[in-house]
Amino acid sequence: MDRRLFLTGMLGLVGAAAVVAVARPATALAGIPNSGPGILDELDRPSDDILDQDGPDLQDGIEPVRWYRRRRRRHWRRVCRRYWRHGYWRRRCFRRSFWIRF
């Protein structure tokens, strides 16, 4: 068993070295493209909608807030997991809680 683990480990190292040798990492060039004004220039410019005083009043569209009580209730969900043990699949189930709002 130790010999098999040693050989698989060595084959993994040789395979990883071969992949690195074939696909050498290229140097990435980071730069800012010179395609004109970008989105940052648009963010620096003030918006005309905010400064417009002739527009509709903001108080017209606001409605009173209705406060209501949100109720929650805990429910249980059955969660099952499979795992391999002593030559065959076993299943272990447990309960996990979650909240329901209504």
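Residues numbered from 1 in each chain as written. Predicted model: local features only at pLDDT ≥ 70, side-chain atom pairs only at ≥ 80, totals over all residues. Heavy atoms only, no water.

1. Structural notes on helix H1 (residues 2–22)
- For H1, with 21 residues, the first-to-last C-alpha span of 30 Å sits near the 30 Å given by 1.5 Å per residue.
- The element H1 is barely covered by neighbouring structure, given that only zero of its 21 residues are classed as buried. (Helix = DSSP H or I, 4+ residues; strand = E, 2+ residues; numbered from the N terminus. Expected span 1.5 Å × (residues − 1). Buried < 20%, exposed > 50% of the residue type's maximum accessible area, 1.4 Å probe, protein only.)

2. Topic: the packing of aromatic side chains
- Considering all chains together, one arrives at one aromatic pair under this definition.
- Centroid distance Trp 84 to Trp 89: 5.4 Å. Interplanar angle 80 degrees. Geometry classified as edge-to-face.
- Trp 89 sits in the partly exposed class, given a relative accessible area of 47%.
- In this arrangement the basic side chain of Arg 72 is found over the ring face of Trp 99, its NZ or CZ atom lying 4.3 Å from the centre.
- Residue placement shows Arg 77 over the ring face of Phe 98; its charged tip is 4.0 Å from the ring centre. (Phe/Tyr/Trp six-rings, centres within 6.5 Å; stacked < 30°, edge-to-face > 60°. Lys NZ or Arg CZ within 6 Å of the ring centre and 35° of its normal.)

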